[in-house]
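Survey of secondary and tertiary structure
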Amino acid sequence: MNQETSVPEIHRASPVRNFRLQLSPTPRGARLARLLAAEQLRVWGLPLHPAEHLVAELAANAATHGRVPGRDFALLLYVVGDTLRIEVTDTRGDRLPHAHPVAADAESESGRGLLLVDALADRWGVIPGPPPRKTVWAEVTTTGPTGSRTVPRR
């Protein structure tokens with residue numbers, strides 16, 4: 001009797017994709033972080049919203065509040081499964097971010113960035129790094145290449 005044996009099909013998990021940049025802590029560096037992140041998301045076939053806004057806010061914070069002359073900030077995007085993680089590392093580990101209540105100063109032109117991050121991200125936080133660094137991260141769940149986003153509620 002002739003029996004054919006076949007090798008079972010290996011189900012590969014979705015690949016881990018990552019993208020890393022080092023940028024100057026200036027408004028131009030923050031803008032470049034947003035533009036290059038948006039292009040990378042397009043290449044990966046992922047939706048731009050809300051990730052592009054999260055990158056813009058975290059990079060602007062690094063350029064404004066995490067700025068140390070002569071020290072760059074880093075942007076890291078990576079995707080595992082259906083989760084996109086955005087990390088921005090700066091060299092002001094002594095300045096940990098905190099969200100300001102809107103009611104504190106309704107006329108202020110700044111101070112709402114982390115409220116925006118909290119509203120757009122599924123999860124976010126801060127990781128103290130080796131001194132003098134810190135990393136602020138945000139995660140969003142994507143549904144893949146077609147572009148719509150699922151929003152798990154807390």
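So, how was this worked out
- Residues numbered from 1 in each chain as written.
- Predicted model: local features only at pLDDT ≥ 70, side-chain atom pairs only at ≥ 80, totals over all residues.
- Heavy atoms only, no water.
- Helix = DSSP H or I, 4+ residues; strand = E, 2+ residues; numbered from the N terminus.
- Buried < 20%, exposed > 50% of the residue type's maximum accessible area, 1.4 Å probe, protein only.
- Contact = heavy atoms within 4.5 Å.
- Pairing = 2+ DSSP bridges.
- Axes fitted to C-alpha atoms, helices over the stretch in contact; angles between N-to-C directions.
- Parallel < 35°, antiparallel > 145°, perpendicular 65-115°, else oblique.
- Left-handed = near helix turned anticlockwise from the far one by under 90°.
- Nonpolar A, V, L, I, M, F, W, Y, C, P; charged D, E, K, R; others polar.

Observations regarding the overall build of the protein
- When helices and strands are counted, the protein shows three helices and five strands.
- Moving toward the C terminus, one meets the helices and strands of the protein in the order β-α-α-β-β-α-β-β.
- Within the protein, buried positions represent 38% of all 154 residues.
- Considering only intrachain contacts with a sequence separation of at least 6, the fraction spanning at least 24 residues in the protein is 62%.

Describing the sheet that holds strand S5 (residues 134–141)
- Taken in spatial order, the five strands make up an open sheet running S1-S2-S3-S5-S4, and their pairing is antiparallel. Of all strands in the sheet, those with a lone pairing partner are strand S1 (17–23) and strand S4 (123–128), marking the two edges. Pairs of neighbouring strands in the sheet enclose a mean axial angle of 15°, with direction left out of account.
- As paired elements, strand S2 (residues 73–80) and strand S3 (residues 83–90) share seven bridges and run antiparallel to each other. Bridging across to S3, Val80 finds its partner in Thr83.
- Running at roughly 10° to S3, helix H2 (residues 51–64) makes contact with S2, S3 and S5 of the sheet.

Structural notes on the environment of Asn18
- Following the sequence through the fold, Asn18 ends up in strand S1.
- Note on Asn18: relative accessible area 55%, which makes it exposed.
- C-alpha of Asn18 to C-alpha of Gln40: the two residues are 22 residues apart in sequence and 9.4 Å apart in space.

Description of the packing of H2 against helix H3 (residues 113–120)
- Between H2 and H3, the least distance of the axes is 10 Å, while the angle of their chain directions is 150°. Between H2 and H3, the angle is such that the two are roughly antiparallel. Crossing of H2 over H3 shows left-handed handedness. Residues His53, Leu54, Glu57, Leu58 and Asn61 of H2 form the contact with H3, whose own contacting residues are Gly113, Leu114, Leu116, Val117 and Leu120.
- Of the residues in the contact of H2 with H3, the class split is six nonpolar, three polar and one charged.

Digging into the packing of helix H1 (residues 27–44) against H2
- Here H1 crosses H2 at 155°, and the two axes come no closer than 8 Å. Put simply, H1 runs roughly antiparallel to H2. For the pair H1 and H2, the sense of crossing is right-handed. Counting all contacts with H1, which are made through Pro27, Ala30, Ala33, Arg34, Ala37, Ala38 and Leu41, the residues of H2 involved are Ala51, Glu52, Val55, Ala56, Ala59, Ala60 and Ala63.
- Residues belonging to the contact of H1 with H2 are distributed by class as follows: twelve nonpolar, no polar and two charged.

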